[in-house]
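# Working through the structure, step by step
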Amino acid sequence: MSDGHSRKIVVIGSANVDFVMQVEKLPRRGESVPSSRFTQLFGGKGANQAVAAARAGGEVAFAGCVGDDVFGRMMRENLAGAGIDVEHLCEQPGISSGAALIMVDEAGGNMLSIAPGANGRVTADIVRPLSSLIANAGMVMLQNEIPIESVYAAVDIAAELGAQVMLNLAPAGPSYGARLLKLAYLVVNETEAETVCGFPVEGAARAAEAAAWMRGRGVGTAIITLGAQGAYIDGPEFRGTVPAFPVSPVDTTAAGDTFCGALAAALVQRMPLPEASRFASAAAALCVTRLGAQASIPSRSEIDALLARS
Ligand code: RIB
């Protein structure tokens with residue numbers, strides 16, 4: 001059972017290699033567009049959140065699966081190099097590592113296609129033996145890029161052991177039903193909020209309704225990210241909008257992952273929710289000013305510097 005004071009963050013989720021093409025305009029169906037630059041970078045929502053939490057000052061362990069290929073070995077090295085505990089990152093034989101094809105346009109918008117590869121092998125059988133890691137976590141972070149049964153298993157184990165869960169329901173997926181009750185933090189964008197609540201969510205007013213709906217079903221703190229409009233937060237300590245930091249976007253990839261990772265790092269360090277949300281929002285703002293997922297995630301000192309000058 002967690003003593004409630006652990007600062008350790010356990011991320012269970014996906015790791016991908018991102019193949020990124022910068023284009024002037026995203027193609028329409030059937031259209032080919034030239035790319036000005038191709039880059040191979042590290043990504044995957046789980047791994048991105050782990051890196052964001054570590055760079056924001058968190059002590060992080062990452063559990064997931066990579067393939068027995070060169071990308072898997074590179075991803076392990078990269079995560080370990082970020083100071084993340086990779087003891088529970090398994091290499092799966094006979095399957096390729098997760099990969100994402102990403103096109104980024106000049107306004108920073110993107111289009112993604114994801115091949116889960118080894119991320120699909122993060123089964124409930126991989127998650128169950130993580131009980132002692134989960135029991136000692138100050139925060140367990142989950143997303144929707146591994147099989148849903150595994151996310152459910154992790155939520156159930158964490159609830160049984162008294163560990164706090166932050167679920168980032170990205171990409172939008174099946175219903176969490178009664179498991180919403182087991183979530184200390186639910187972080188969603190407007191589209192994902194709509195799939196949870198079943199009504200359209202656009203803008204702060206609808207986000208407030210959606211957050212109230214989620215809290216009414218037992219979510220501890222509901223957070224709806226609103227892009228350039230900031231984030232709407234509804235929790236026991238705070239209810240309201242945390243504004244975004246104005247930036248000129250280069251690439252919005254991983255902005256949500258960065259927000260979640262930085263938020264978790266701040267919360268386990270006992271930063272109050274409004275300050276933690278502002279900290280997370282500053283991290284996300286810095287992320288969108290640079291190309292790539294993990295390549296764009298800021299360090300603690302960069303986040304503090306942005307906060308100090310705002
Ligand atoms: O959230 C961004 C991430 O989604 C990318 O890094 C890509 O790998 C996909 O998982």
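The following paragraphs examine the structure supplied in this document.

About the thresholds
Residues numbered from 1 in each chain as written. Predicted model: local features only at pLDDT ≥ 70, side-chain atom pairs only at ≥ 80, totals over all residues. Heavy atoms only, no water. Salt bridge = Lys/Arg side-chain N within 4 Å of Asp/Glu carboxyl O. Helix = DSSP H or I, 4+ residues; strand = E, 2+ residues; numbered from the N terminus. Buried < 20%, exposed > 50% of the residue type's maximum accessible area, 1.4 Å probe, protein only. Pairing = 2+ DSSP bridges. Axes fitted to C-alpha atoms, helices over the stretch in contact; angles between N-to-C directions. Contact = heavy atoms within 4.5 Å.

It is worth spelling out the pattern of salt bridges at this point. Pairs can form between side chains of opposite charge once their charged atoms are near each other. Counted under the stated rule, the structure contains 11 salt bridges. For Arg179, the salt bridge identified is with Asp156, shortest N-O distance 2.9 Å. Here Arg179, found in the loop between strand S9 (165-168) and strand S10 (185-189), pairs with Asp156, found in helix H5 (residues 148-161); they are 23 residues apart in sequence, far enough to count as distant. Exposure remark for Arg179: the relative accessible area of 23% places this residue in the partly exposed category. Judged by relative accessible area, which is 21%, Asp156 ranks as partly exposed. Where Arg239 meets Asp234, a salt bridge forms, and the shortest distance between an N and an O atom there is 3.3 Å. Of the residues examined, Arg239 reaches a relative accessible area of 58% and is grouped as exposed.

Attention shifts here to the sheet that holds strand S12 (residues 231-234). Read across the open sheet, the nine strands follow the order S5-S4-S1-S8-S9-S10-S11-S12-S13; overall the sheet is mixed. The open sheet has two edge strands, strand S5 (89-92) and strand S13 (239-242), and neither has a second partner. In this sheet, adjacent strand axes meet at a mean angle of 15 degrees when their direction is disregarded. As paired elements, strand S4 (residues 59-67) and S5 share four bridges and run parallel to each other. From the neighbouring strand, Cys65 faces S5, where its bridge partner is Cys90. In the packing of helix H1 (residues 45-55) onto the sheet, contacts are made with strand S1 (8-12), S4, strand S8 (139-142) and S9, and the angle to S4 comes to roughly 155 degrees.

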